[in-house]
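# Examination of the molecular architecture
In case you want the letters, here they are:
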Amino acid sequence: MKKIIAICFSLILLLASFANSFAATEVFEVDKFTGEIIKSSTGYTTNTVALSGSCSYDVSSKTYIYSTSASELTNIKTNVYDGMITSDIVSVESEIAAQIIIYKEGKEVNSNLYSRITEPGVYVVRTVNDDKQVFTFTIVGDRSGLVYSYDVPGIFNISKATKDGQELNFVGRHVDMSEEGQYCVRYKCPATGVVEELNVYIDHTAPELVMYGVENGIARKAVSFGEIEQDSTLVVTRDDGEIIDYEEPIKIAGDYTAVYTDAAGNGNTYYFTVKVFLDGGAWVFVGLAAAVVILAVGYMIYCKKNMRTR
């Protein structure tokens, strides 16, 4: 009997040691009512979850916090994680000490826009002091030609991907978006419970600009353009970059460039040259001038024949 009791006591101690070893790993739970993070070991709530060595997630403000140094004054707060593609408005906030610069496709973004970035494009956030890249993100509109695939950030797992409403096969965190169509990619972060979703129509077809009066890049009469697609832009410049009002027929001689971009960001560039020519009004002026000259010559001949010598 004593042996049986000793064996049971030993098993209890062994199980207790296993329980302690598992408890050494911190476990977090999300309060489904408040959304706060609860430490299972203490029962107390915490609003931040570490996602990487330099980034954590603040549950109360629903922001990602990037640390650029040991001081909290250099923290950067934003609503996007590194590598994310979004159609939402992006906000990037930092203390003065952070000294960050945001670039959009190589061009510096006005710092006044940091709290509300809406223009589609690829963005990079860098520190000023050590010129270190902190994170990147991409903004797309309802339609986009920027994206050909989406590698969902590593802290997320894809839960669903569809194209034109049909289930789409994906490999790991990679979604192929090379074909045109309406895509929906839903993904979740296990550590925070945050669910993100990207909805975008992928359009890779560049728009075609109809030009009247141009043949093989040369125009010997007024140039005008066909109907412009809704939400698209057309910028016409002459010679040294002077912007031209394309709604009026182009008549002035020179070398022109027309950049036509659709709502998805796809674009085409056209070059043409307008030669010196006479339009209808100019021909009328030439005709009147010729008539005046003819009348003048005729008058002179008449006067010469009818002149009397005294």
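To be clear, the structure that these remarks concern was listed above.
Residues numbered from 1 in each chain as written. Predicted model: local features only at pLDDT ≥ 70, side-chain atom pairs only at ≥ 80, totals over all residues. Heavy atoms only, no water.

Using the criterion set out here, one finds eight salt bridges in the structure. One salt bridge connects Arg 126 with Asp 131, and the closest N-O pair in it is separated by 2.9 Å. Asp 131 sits in the partly exposed class, given a relative accessible area of 47%. For Glu 179, the salt bridge identified is with Lys 163, shortest N-O distance 4.0 Å. In this pair, Glu 179 is assigned in the loop between β18 (174-176) and β19 (181-188) and Lys 163 in strand β16 (residues 157-163), connecting sequence segments 16 residues apart. Assessed through its relative accessible area of 52%, Glu 179 is described here as exposed. Judged by its relative accessible area of 18%, Lys 163 falls in the buried class. Members of the salt-bridge network, linked through shared partners, are Lys 104, Glu 105 and Glu 119. (Salt bridge = Lys/Arg side-chain N within 4 Å of Asp/Glu carboxyl O. Buried < 20%, exposed > 50% of the residue type's maximum accessible area, 1.4 Å probe, protein only. Helix = DSSP H or I, 4+ residues; strand = E, 2+ residues; numbered from the N terminus.)

It is worth spelling out the nonpolar core at this point. Core analysis: the biggest nonpolar cluster contains 44 residues, and Tyr 64 and Phe 137 have the highest contact counts within it. If you list the elements that add at least two residues to this core, you get β5 (55-58), β6 (63-66), β8 (84-86), β10 (100-104), β12 (121-127), β13 (133-139), β19 and β20 (195-202). Looking at which element gives the most residues to this core, the answer is β13, with four residues. Counting residues in hydrophobic clusters, the runner-up holds 15 residues, among them Phe 225, Leu 234, Val 236 and Ile 244. (Core = buried A, V, L, I, M, F, W, Y, C linked by side-chain atoms within 4.5 Å.)

With burial as the criterion, each face of β6 is covered, one bearing Thr 63 and Ile 65 and the other bearing Tyr 64 and Tyr 66. Alignment of β5 against β6, held across four bridges, turns out to be antiparallel. Residue Asp 58 lies in a different strand from β6, and its bridge partner there is Thr 63. The pairing of β6 with strand β7 (residues 76-78) spans three bridges and is antiparallel. Across the sheet, the residue bridging to Tyr 66 is Ile 76, located in β7. (Pairing = 2+ DSSP bridges.)

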